[in-house]
Structures are given as structure tokens and as C-alpha cells.
Amino acid sequence: MSAADSDPNAPETDWSDRIGVSRPLVITAARVIVTSPGRNFVTLKIETDQGVYGIGDATLNGRELSVVAYLNEHICPLLIGRDARRIEDTWQLLYRGAYWRRGPVTMRAIAAVDVALWDIKGKALGAPLHELLGGKSRDRVMVYGHANGSDIGETVDAVGRYIDLGYQAIRAQTGVPGLVNAYGVGRGELHYEPADASLPTETVWDTRRYLAHVPKLFERLRDTYGPEPRLLHDGHHRMTPLEAAQLGKSLEPFDLFWLEDVTPAENQEAFRLIRQHTTTPLAVGEVFNTIWDCKDLIQEQLIDYIRATIVGAGGLTHLRRIADFASVWGVRTGCHGATDLSPVTMGTALHFDAWVPNFGIQEYMRHTPETDEVFPHDYRFEAGFMIPGERPGHGVDIDETLAARFPYVPRQLPVARLTDGTMWNW
Ligand code: GCO
Ligand code: MG
């Protein structure tokens, strides 16, 4: 019995009996829904003349309303009357047609349209997205969870809790002595939510203290849990390339699965220096929007995992292109999956992950129960893995009545300053 059979409120899933794709599916409406069930989400809903609809995620953490305006003012009007079946042509229209290319706002708006159209196509054909992509390469998708604590002891305990939940891969972050609010340290046990105030919270950063402290965390983790768990760490763009090389080297004895975002990647060449000095695997790309942001990183094999994901990098249509290019150079995927990526992105990413031949891992931070209720979905967690659903399309819906009960709340990400007051990368 499918989830849809057992849930009386589940959306209708048998559109394909009536629709198919033998005639145009004319777009009749495109609406933006903003909701904040614990955090803000922007969702685009595209409706067609034959009743089948699709939804896409357009959430840009801390800058949500810019994408709302981009969609409402510049994209929704031009979608009306178009044939929803023409996903590639619509993607090219929105990318080339704007003249102003790339960037987080534009590419999230494009991603929302793209994913909504893939959702419609899947429903019209009666096929889950992994089938449209070429079928599953794996039945379940390995995910990593976020363990964090204000000191090493707390983080070690948090990693233990993830191991007890069945996770085989865990990202570990810890507070640094002398620094309040180090990156990645949350307040609750399973939820970490950095966008915490209507104006940016100021935090203080000192890379030397951090570099001296982090290896101690991983030494303790290996002493406590042995060689088995895959351990990950996120540097969140705080280091210079040389500092990143130093960290990579000092972590080599602890066999990390990956070291993420060690330095900003606007200058892709910076990774050459890091690569020359360390064999710790490198992951980067949660802020990337297009293949152009990672072209050199990939073809020079300067990284091991590409973190671009559905909502950040122009939807399924473009992410698939990045992944195929990466596969040529032995780079594997590691889709961003923080809580600011809505269940719509998670559902779509899981279909992508189930298909993509060069799959690496998927990030998974649990959404709050309120978020899960607003976005009913058929993917599920099972002992360290996510199982994509079998409903046609991406398998995620939005309960608009419930969504309306959670109005938008202005929230921004923190900022970081060095100890002398200099503005730094959060
Ligand atoms: C991660 C990330 C996030 C980001 C967040 C910003 O690896 O999951 O670095 O937690 O900070 O997505 O909105
Ligand atoms: Mg990150």
C-alpha cells in the first residue's frame, strides 16, 4: 500500500490516467506562496488547464522576498499560456532571456519553475522523477546529519546520538574556546537554525584558535567511536587557502569523509594551493548557482564533492548538467540539504540522488514537525538512509490552508567579525 492509499488527505496521484503528454498542458496560473512554519519558505505553484499542478522551492535564506518579487513581477506573467511540457525551452528562456545571467536570486527563481514543471510532467506521465531521469541507481540514499555542541564533550555526545539513530555519516562542529557563537553550534539537539533575528546577529571569529582546536575534536571522535563512522566537517568559508591547507593536513590522521567550504570559491584557482598540500577530501558549492562556478574546480580535479543542489543551481535541469560534467572528472555529488531548503527541494534531490551515477552523499537536517505538516511528502528516513517516494512527480505537496497560518517572519543570517572588528565571512 502506498503512502497515498493510507492517507486520506494525500493529494490525487493518478493524473496520468486522464492526462499524459500527448497534447499541450497549458499553464493557467503561477502563484508564489510564502509560509513560515518554524522558518521561512517560498514556494511556486504552477497550475495547468488540465488540473495537474506542480510546485517548486524558491527559498533564499535571509533574502526570501527578493525571489518572491523576481517571480511575481518578472516570471509568473510570462509563464501564463506556455506549454508546461517544455521544460528545457522554459529553462533556456528564463536563463538566456533575462540577459542578466546567474546569481542566487535569478537561479532560485528558475529552479522553482523548473522543479514545478518536472513535477507536472511526472504527474502527467504517472512517473516519479527518478524514473524520468533514467531509473534508480540505488534504492536508498546515504545521508549525513549534523552533530554539534558548545565544546568537544558535547559534540562527542551528539555524534553518539546520531550513531544511535543509525547514521553512518555525521558532520561534527564544536564551539571554540574564547569564541562565542562559533559557526555550526546550535541550541537544540537535532535542529540548527542560523537565521535567528530580523537584523544580523554579530559573531566574533578567530581562525588561529579554530585551527588549534578542531583536530582535538576529531582525535576524540576517532578515540571514542573508532574508524567506522564517516566524519565530515564544515569550515564555512572562514579560512584563507593556506590556512585551509594547514587544516586539511592536520585532519589527515582522522580520515575525514570530507572537509567542506574551507575558503570562499569565487577564485576557483585558490583550491590548487589547498590540493597541493593535503589529501583530505574537499567539498564545496552550496552557494554555487551554475556550472560556471565550479567548472575549473571540477575539470582540474581540485575537489572531490560538489555541493550544488536543486534550489541553488537552477533546478533539476541544470544540476543534472553539473553532475554529468562532474562525473567525467571523478567528482561526486553531495547536495546541500540544510533546513532552509524546503521539503520540495529535499524530495526532488532524493530522486536525483537515487538516479545520479556519481552519487556521493546527501546532507539531511530534519525539518520541524510544522514544516513537515505544511509540506506532506512521501520520502522517509530509515537508519542512516533516505528512501525517495514512488508518487508521481517529486512527491511533495503544500497544504495551502495550513501554510496560510504561518505568516512570513523577517529573519537574516548572522555576520562575523574578526577579533579586531574587521568584517569576515560568516
Ligand atoms: C550546511 C550549511 C548551512 C548554511 C545555511 C545557510 O553545510 O548545511 O553550511 O547550514 O549555513 O544553509 O542558509
Ligand atoms: Mg556548509
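Predicted model only: the values in this text are computed from it and were never measured.

Calculation rules
- Residues numbered from 1 in each chain as written.
- Chains lettered and ligands numbered in written order.
- Predicted model: local features only at pLDDT ≥ 70, side-chain atom pairs only at ≥ 80, totals over all residues.
- Heavy atoms only, no water.
- Helix = DSSP H or I, 4+ residues; strand = E, 2+ residues; numbered from the N terminus.
- Buried < 20%, exposed > 50% of the residue type's maximum accessible area, 1.4 Å probe, protein only.
- Contact = heavy atoms within 4.5 Å.
- pLDDT = per-residue confidence, 0-100.
- Core = buried A, V, L, I, M, F, W, Y, C linked by side-chain atoms within 4.5 Å.
- Pairing = 2+ DSSP bridges.
- Expected span 1.5 Å × (residues − 1).

**Remarks on the environment of Val34**
Locating Val34 in the fold gives a position in strand β1 (residues 27-35). Classification of Val34 by relative accessible area gives partly exposed; the value is 27%. Note: C-alpha distance between Val34 and Phe406 (372 residues apart in sequence) is 8.6 Å. Among residues more than four places away in sequence, those in contact with Val34 are Phe41, Val42, Val68, Phe406 and Tyr408.

**Points about the confidence of the model for the protein chain**
Confidence along the protein chain averages 95 in pLDDT terms, with 96% of residues attaining 70 or more. In this model residues 1-6 is a low-confidence stretch, pLDDT under 50, and it forms six contacts with partners more than four residues away in sequence or in other chains.

**Things to note about the side chain of Thr35**
Within the element layout of this structure, Thr35 appears in strand β1. The exposure class of Thr35 is buried, given its relative accessible area of 0%. Setting aside its immediate chain neighbours within four residues, Thr35 contacts Asn40, Phe41, Val374, Phe375, Ala403 and Phe406.

**Comments concerning the nonpolar core**
Note that soluble globular proteins tend to have their nonpolar side chains buried in a common cluster. One finds Ile46, Phe218 and Phe271 to be the most contacted residues of the largest nonpolar core, which totals 118 residues. In terms of residues, this core owes the most to one element, helix α5 (residues 104-125), which gives 11 residues. Sequence-distant contacts of Phe271, that is, excluding residues within four places in its chain, are made with Val262, Thr263, Pro264, Ala265, Leu282, Val284, Leu297, Leu302 and Ile303. Within the second largest apolar cluster, 10 residues are counted, among which are Met142, Ala283, Ile361 and Phe385.

**Regarding the pairing of strand β3 (residues 53-57)**
Counting buried residues along β3, five of its five residues qualify, which places the element largely inside the surrounding structure. Across the two faces of β3 the burial is the same, with Tyr53, Ile55 and Asp57 and Gly54 and Gly56 all buried. The sheet contact formed by strand β2 (residues 41-48) and β3 spans five bridges and is antiparallel. In the sheet register, Thr43 faces β3, and the bridge partner there is Asp57. Hairpin connection, β2 to β3: the antiparallel pair is bridged by four residues, and Gly51 has positive phi, about 90 degrees.

**A word on α5**
Residue pairs spaced three or four apart in an α-helix point in one direction, given the helix's 3.6 residues per turn. The first and last C-alpha atoms of α5 sit 31 Å apart over 22 residues, in line with the 32 Å expected at 1.5 Å per residue. Taking burial as the measure, the 22 residues of α5 include 19 buried ones, the bulk of the element. Two residues or fewer after α5 comes Gly126, characterised by a positive phi angle close to 70 degrees.

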